[in-house]
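Architecture at a glance
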Amino acid sequence: MTDFAFALEPDGLLLHSPDGVSRRFPWLWLRDNEPAAFHPVTQERSFDLLSVPPDIFPERAEMRDGEILIHWPDLPGPCAYRLDWLLARAPGRRRPDPADIAPVAWADDHAVARFEAAALAGDEGLGRMLSQLKRDGLVVIGGLDGDEEGVALGQRIGFLRETNFGVIFEVVSRPDPNNQAYTHDELGLHTDLPNQHLVPGYQFLHCLANEATGGDSVFADGFRILEDLRAAAPAAFRLLAEVDVPFRFRDRETDLRIRRPLVEPDAAGRPVRLAFNPGILDIVDMESGIVGDWYRAYRSLKALVDSHSRRLQLRLKSGEMAVFDNSRILHGRTAFDPNTGRRRLRGYYIDRGELDSRIRVLHGAQFE
Ligand SMILES: [Fe+2]
């Protein structure tokens, strides 16, 4: 690192590196982000931004043994900045994130990735499964033969998210259902609980018994559907992303409502969230001038959701668990006849922040 050079400029440190690139580090940024600004044990920032003037400028700086020493006017000794540290964290460079795994959208010809529970016993296997889940949005895990094994796997990943349906919900046909999932009817493709302020991130459905006639699981990749909609009808895609609609679930104990658009795109316009659940879409209440256009767009989306060229049908067997991104993958089931045998699924959610955290920790990223 002998070919580095620097200059003290009015608006920051200008660092020239051997690769010919010059990087600018504003003075206040250097002071607020320096290693000593963070508590050595908690790793949390302890520096008070208002303890220095906004136009803070160093008295002098010097380069020594792969680091730059900056002498600030208010400190008795210099602050050391390693050159490799500066290069890795220059303003405009995001910290690498092992949980930032690009999704790959799929259609009906997709082969769902399958993992055996025994292969997930170690950290490496668990990390591989979670990475695949981030990529495809859906995986199936086999070999979870005990009733508690599905939940035990989730507890290795993160905190289970409690909702008004409990921490763990049993999907069975009930005589007094408060949700269509608890009937034996066909369940159209949907995402769960878009009526919640924080929509549950990932859903885990552990099949404990599937002996009835019917009751196959159906999945579709919402990203593929939305990309197709965006390509075929960009104005419809935009309208669904711009117009808030009300979602609502109510029973004797709850009245959970939120307004949100059906589609959430990122800054580049790519879909990153889908909220699709006709069952709990409340009375549509937008301005009358756009109702007609909005319904045309919603119908276009529904037609793509219902299209068989974009959906997968598979039959979960006892001991298998489907895991999927609840803001990307639509799920449903075919009707079943409860008189022909038992059908019982045990479900729970883990929020996406928890799952991403586990991926990072499995990579050791928390020490970087
Ligand atoms: Fe559901």
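Parameters at a glance
- Residues numbered from 1 in each chain as written.
- Predicted model: local features only at pLDDT ≥ 70, side-chain atom pairs only at ≥ 80, totals over all residues.
- Heavy atoms only, no water.
- Helix = DSSP H or I, 4+ residues; strand = E, 2+ residues; numbered from the N terminus.
- Rg over C-alpha atoms; globule rule 2.2 N^0.38 Å.
- Contact = heavy atoms within 4.5 Å.
- Lys, Arg positive; Asp, Glu negative; His and termini not counted.
- Charge placed at Lys NZ, Arg CZ, Asp CG, Glu CD.
- Donors = N, O, S within 2.8 Å, 3.2 Å for Na, K, Ca; no water.
- Buried < 20%, exposed > 50% of the residue type's maximum accessible area, 1.4 Å probe, protein only.
- Phe/Tyr/Trp six-rings, centres within 6.5 Å; stacked < 30°, edge-to-face > 60°.
- Pairing = 2+ DSSP bridges.
- Axes fitted to C-alpha atoms, helices over the stretch in contact; angles between N-to-C directions.
- Parallel < 35°, antiparallel > 145°, perpendicular 65-115°, else oblique.
- Nonpolar A, V, L, I, M, F, W, Y, C, P; charged D, E, K, R; others polar.
- Domains from an automatic or database assignment.
- Salt bridge = Lys/Arg side-chain N within 4 Å of Asp/Glu carboxyl O.
- Core = buried A, V, L, I, M, F, W, Y, C linked by side-chain atoms within 4.5 Å.
- Polar contact = N/O pair within 3.5 Å; in protein donor to acceptor, adjacent residues only side chain to side chain.

On to the overall build of the chain, then. Along the chain, the regular secondary structure elements total eight helices and 22 strands. Taking 2.2 N^0.38 as the reference for a compact globule, 368 residues should give roughly 21 Å; the C-alpha atoms of the chain span a radius of gyration of 26 Å, well beyond that estimate. Across its three principal axes, the chain shows a C-alpha extent of roughly 85 × 55 × 40 Å. In the chain, the share of contacts with a sequence separation of at least 24, taken over all contacts with a separation of at least 6, comes to 72%. Measuring between centres, the 45 positive side-chain charges of the chain sit 3 Å from its 57 negative side-chain charges.

Donor atoms from the polypeptide that bind the iron ion are His-190 (NE2), Asp-192 (OD) and His-331 (NE2), placed at 2.1 to 2.2 Å. Between the donor residues of the iron ion, the gaps in sequence give the motif H-x1-D-x138-H. Judged by relative accessible area, which is 9%, His-190 ranks as buried.

Moving on to the packing of aromatic side chains. Within a pair of aromatic rings, the relevant descriptors are the distance that separates the centres and the angle that separates the planes. Scanning the entire structure with this criterion turns up 13 aromatic pairs. Between Trp-27 and Trp-72, the ring centres sit 6.1 Å apart and the planes meet at 85 degrees, which makes this aromatic pair edge-to-face. A residue pair is termed long-range when its members are at least 10 positions apart, and Trp-27 in helix α1 (residues 27-33) and Trp-72 in the loop between β5 (67-71) and β6 (79-82) qualify at 45 residues. Pairing Trp-294 with Tyr-295 gives two aromatic rings, centres 5.1 Å apart and planes at 85 degrees, and the pair type is edge-to-face. Assessed through its relative accessible area of 0%, Trp-294 is described here as buried. For Tyr-295, a relative accessible area of 36% corresponds to the partly exposed category. An aromatic cluster of three or more residues is present, and its members are Phe-276, Trp-294, Tyr-295 and Tyr-298.

By the alternation rule, side chains of strand β3 (residues 22-25) split into Arg-23 and Phe-25, which are all buried, and Ser-22 and Arg-24, of which none is buried. Sheet analysis places strand β2 (residues 12-16) next to β3, joined by four bridges and oriented antiparallel. Looking at β3, one finds that Leu-15 is bridged to Arg-23. Between β2 and β3, which pair antiparallel in sequence order, lie five residues; one of them, Gly-20, sits at a positive phi of approximately 90 degrees.

Attention now goes to the packing of helix α6 (residues 234-242) against helix α7 (residues 288-306). How two helices pack is summed up by the angle between their axes together with the distance between the axes. Interhelical geometry of α6 versus α7 gives an angle of 105 degrees and a closest axis separation of 9 Å. One way to sum up the angle between α6 and α7 is to call them roughly perpendicular. Contacts from Ala-236, Leu-239 and Leu-240 in α6 reach Asp-293, Trp-294, Ala-297, Tyr-298 and Leu-301 in α7. Each residue belonging to the contact of α6 with α7 can be placed in one class, and the counts come to seven nonpolar, no polar and one charged.

One can read the domain layout of the chain as domain 1 (5-88) and domain 2 (113-362). Centre-to-centre separation of domain 1 and domain 2, based on C-alpha positions: 47 Å.

Per the counting criterion, the structure on display carries 33 salt bridges. Here Glu-34 makes a salt bridge to Arg-31, at a shortest N to O gap of 3.8 Å. Looking at Arg-31, the relative accessible area reads 3%, which means it is buried. One connected set of salt bridges, linked through shared partners, spans Asp-147, Glu-148, Glu-170, Arg-344 and Arg-346.

Another point: the sheet that holds strand β11 (residues 202-210). Across the sheet, which stays open at both edges, the six strands sit in the order β7-β8-β19-β11-β22-β9 with mixed pairing between neighbours. Each edge of the sheet is formed by a strand with only one pairing partner; in this case those strands are β7 (113-116) and β9 (169-171). Averaged over all neighbouring strand pairs, the angle between strand axes comes to 25 degrees, with direction disregarded. Examined bridge by bridge, β9 and strand β22 (residues 343-350) share three bridges and lie antiparallel to one another. When the sheet's bridge partners are listed, Val-171 is paired in β22 with Leu-345. Where helix α3 (residues 123-136) meets the sheet, its contacts fall on β7, β8 (138-142), β11 and β19 (321-325), and the angle it forms with β8 comes to roughly 145 degrees.

Right, let's talk about the nonpolar core for a bit. Counting 51 residues, the largest nonpolar core has Phe-219, Leu-229, Leu-240, Leu-262, Trp-294, Leu-301 and Leu-330 as the members making the most contacts within it. For this core, the leading source of residues is α7, giving six residues. In contact with Leu-301, not counting residues within four places along its chain, are Ile-225, Leu-226, Leu-229, Leu-240, Leu-262, Leu-274 and Phe-276. One finds Val-151, Leu-153, Ile-157 and Phe-204 within the second-largest nonpolar core, a separate group that totals 24 residues.

Tracing the sequence through the fold places Arg-328 in the loop between β19 and β20 (329-333). Exposure remark for Arg-328: the relative accessible area of 1% places this residue in the buried category. Here the side chain of Arg-328 touches Asp-221 through a polar contact of 2.7 Å, side chain to side chain. Dropping the residues within four chain positions of it, Arg-328 is found in contact with Pro-103, Val-104, Ala-105, Trp-106, Lys-134, Arg-135, Asp-136, Gly-137, Ala-220, Asp-221, Gly-222 and Phe-223.

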